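# Coordinates in review
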Amino acid sequence: LAQVWTHLGGFFDSEMHRQYPIDGSVSAIAKLAQHAEVVVLTNLQDQHRESRSRQLADHGIELRVFTNQGPKGPALQAILDEYAPSRAVFIDDLAQHHGSVAEIAPHVNRLHLCGEPRIAPHISCAHVAGHAHARIDTWEHALPWLLGRLHGDNDS
């Protein structure tokens, strides 16, 4: 396991710039940004925050990036405390983060989205586990759901 973290850290040190956005993400995030303040909460190490910001900007995504290590519920709560939104939506590709957010901020809408088709079928579903309000793995289908949640159109 230690070797996995070493290799993963090495990837983010030298190869992160080679990652490309998943299909539909850039335009969907741009559309969301017309309706909400959009930020990124990533479990990258703090030293990778600026690299991730640059990487996103290189693809036309200019967002504030928050780094975190561990469960995302407490970090999301700190963001909510700072921004004080009337509505919030949390999007993540890993089920355990939805569980953490559901526990700490149950009023936040939670979308489990794993947009990489080769990985998505192998990721346990936070919606099935009861920790996410939906599981949608394409931005094309997620965007209408997200906009509805932001505008209170589909709160059930």
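Everything that follows concerns the structure shown earlier in this document.
Each residue is numbered by its place in its chain's sequence as written, counting from 1. Residues qualify for local features only when their pLDDT is at least 70, as the model is predicted, and side-chain atom pairs are given and counted only at 80 or more; totals for whole chains, interfaces and linings, by contrast, use all residues. Neither water nor hydrogens contribute to the side-chain values; these are computed over all heavy atoms in the structure.

### Structural notes on the pattern of salt bridges
Each reported salt bridge corresponds to a side-chain nitrogen of Lys or Arg within 4 Å of a carboxyl oxygen of Asp or Glu. Within the structure shown, the criterion is met by five salt bridges. Note that E116 and R118 form a salt bridge whose closest N and O atoms lie 3.0 Å from each other. Partly exposed residues are those whose accessible area sits between 20% and 50% of the maximum for their type, while under 20% is buried and over 50% is exposed, using a 1.4 Å probe and protein chains only. For E116, a relative accessible area of 23% translates into the label partly exposed. Take R118: its relative accessible area is 67%, and that puts it in the exposed class.

### Notes on the nonpolar core
Ranked by size, the top nonpolar core spans 19 residues in total, and within it L32, L111, I136, W139, A142, W145 and L146 carry the most contacts. Every helix listed is a DSSP run of H or I at least four residues long, and every strand listed is a run of E at least two residues long, numbered separately from the N terminus. Elements that contribute at least two residues to this core include exactly α2 (25–33) and α6 (139–151). Ranked by the residues each element gives to this core, the list is headed by α6, at seven residues. Here, two residues are considered to be in contact whenever any of their heavy atoms come within 4.5 Å of each other. Those residues in contact with W139 that lie beyond four places of it in its chain are I22, D23, G24, S25, A28, I29, L32, I91, L113 and L146. Note on terminology: a nonpolar core comprises buried Ala, Val, Leu, Ile, Met, Phe, Trp, Tyr and Cys residues joined through side-chain atoms within 4.5 Å. Counting residues in each nonpolar core, the second largest holds eleven residues, with A75, I79, A105 and V108 among its members.

### Notes on the sheet that holds strand β4 (residues 109–112)
Here, strands pair whenever DSSP counts at least two bridges between them. Read across the sheet, three strands follow the order β3-β4-β5 without closing on themselves; strand pairing throughout is parallel. What marks the edges here is a single partner per strand, and that holds for β3 (89–92) and β5 (134–135). Relative to β4, β3 runs parallel, the two being bridged by four bridges. The partner of V89 across the bridge, within β4, is N109.

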